[in-house]
Amino acid sequence: MPGFQFARQLAREFKRPDYFNMLRSMSVTELDHWYEYYREHPLESELQQWQLAHIAAGSFGGKPADYLPQPHKPKTVQQQIAIWQSMA
């Protein structure tokens, strides 16, 4: 089952700023079908990132994967507490 990140990407693909309303307007089955479809056919933004990564790798060297955005790793609770304490 897809998560909210996929729902936001799908809303951007459909040019809908209100992904919660988009989710309310479709069934779980429909969302799952879209998820399966986009697993085989990447979203437009993902295609653009890959194209730019290939251009950068051809121009500056390295692998295209070196130029793709890295997924955000959430901070642990201890890291968040340390950040808040450093701001006090």
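Throughout this document, residue positions are counted from 1 along each chain, in the order its sequence is written. Given that this is a predicted model, residues contribute local features only at a pLDDT of at least 70 and side-chain atom pairs are listed and counted only at 80 or more, while totals for whole chains, interfaces and linings are drawn from all residues. With hydrogens and water excluded, all non-hydrogen atoms of the structure serve as input to the side-chain values.

### Let's talk about the overall build of the protein
Counting from the N terminus, the helices are the DSSP runs of H or I reaching at least four residues and the strands are the DSSP runs of E reaching at least two. The secondary structure content of the protein amounts to five helices and zero strands. Starting at the N terminus and walking to the C terminus, you meet the elements of the protein as α-α-α-α-α. As a reference, a globule follows 2.2 Å times the number of residues to the power 0.38, and the radius of gyration itself is taken over C-alpha atoms. For 88 residues, the compact-globule formula gives about 12 Å, and the C-alpha radius of gyration of the protein, at 18 Å, lies well above that figure. Its C-alpha atoms put the protein at 45 × 40 × 20 Å along the principal axes. Exposure categories follow from relative accessible area, calculated using a 1.4 Å probe and restricted to protein chains: below 20% of the type maximum is buried, above 50% is exposed, and the middle band is partly exposed. Buried residues in the protein amount to 20% of all 88 residues. Residue contacts follow a heavy-atom distance rule, with two residues in contact if any of their heavy atoms lie within 4.5 Å. Counting contacts in the protein only where the partners sit at least 6 residues apart, residues at least 24 apart contribute 38% of the total. Using a 1.4 Å probe, the Shrake-Rupley method yields the accessible areas, and only the shown protein chains count as cover for residues. Of the roughly 7300 Å² of accessible surface on the protein, 57% is carried by carbon and sulfur atoms. His is not counted here, nor are the chain ends, while Lys and Arg score as positive and Asp and Glu score as negative. Where a charge sits is defined by one atom per residue type, namely NZ (Lys), CZ (Arg), CG (Asp) or CD (Glu). Of the side chains in the protein, 9 bear a positive and 9 a negative charge, and the two mean positions are spaced by 10 Å.

### Comments concerning the pattern of salt bridges
The salt bridge definition used is simple: a Lys or Arg side-chain nitrogen within 4 Å of an Asp or Glu carboxyl oxygen. Taken as a whole, this structure holds two salt bridges when the rule is applied. Measuring nitrogen to oxygen at the nearest pair gives 3.3 Å for the salt bridge that ties Asp-18 to Arg-16. Between Arg-39 and Glu-36 there is a salt bridge whose closest N-O contact spans 3.5 Å. Of the two residues, Arg-39 and Glu-36 both sit in helix α3 (residues 28-40), three residues apart, roughly one turn of that helix. Its relative accessible area of 37% is what places Glu-36 among the partly exposed residues.

### Remarks on the packing of helix α1 (residues 4-13) against α3
The description of two helices packed together rests on the angle between their axes and the distance between the axes. In this description, a line fitted to the C-alpha atoms serves as the axis of each element, helices being fitted only across the stretch in contact, and the angle between N-to-C directions of two axes falls anywhere from 0 to 180 degrees. In the contact formed by α1 and α3, the axes pass within 11 Å of each other and the chain directions differ by 80 degrees. Considering the angle they form, α1 stands roughly perpendicular to α3. Counting all contacts with α1, which are made through Phe-6, Leu-10 and Glu-13, the residues of α3 involved are Leu-31, Trp-34, Tyr-35 and Tyr-38. Note on residue categories: nonpolar means Ala, Val, Leu, Ile, Met, Phe, Trp, Tyr, Cys or Pro, charged means Asp, Glu, Lys or Arg, and polar means any other residue, Gly included. Its residues assigned to classes, the contact of α1 with α3 comprises six nonpolar, no polar and one charged. The labels follow the angle: roughly parallel below 35 degrees, roughly antiparallel above 145, roughly perpendicular from 65 to 115, and oblique for the rest.

### Re the nonpolar core
Here, the term nonpolar core denotes a set of buried Ala, Val, Leu, Ile, Met, Phe, Trp, Tyr and Cys residues that are joined through side-chain atoms within 4.5 Å. Counting 11 residues, the largest nonpolar core consists of Phe-6, Ala-7, Leu-10, Ala-11, Tyr-19, Met-22, Leu-23, Met-26, Leu-31, Tyr-38 and Leu-43. Of all the secondary-structure elements, those providing two or more residues to this core are α1, α2 (19-24) and α3. The element contributing the most residues to this core is α1, with four residues. Each residue touching Leu-43, except ones within four places of it in the same chain, is listed here: Gln-9, Glu-13 and Tyr-38.

### Some details on unusual backbone geometry
Its identity is not glycine, yet Lys-15 carries a phi of approximately 60 degrees, on the positive side. Here Lys-15 lies in the loop between α1 and α2.

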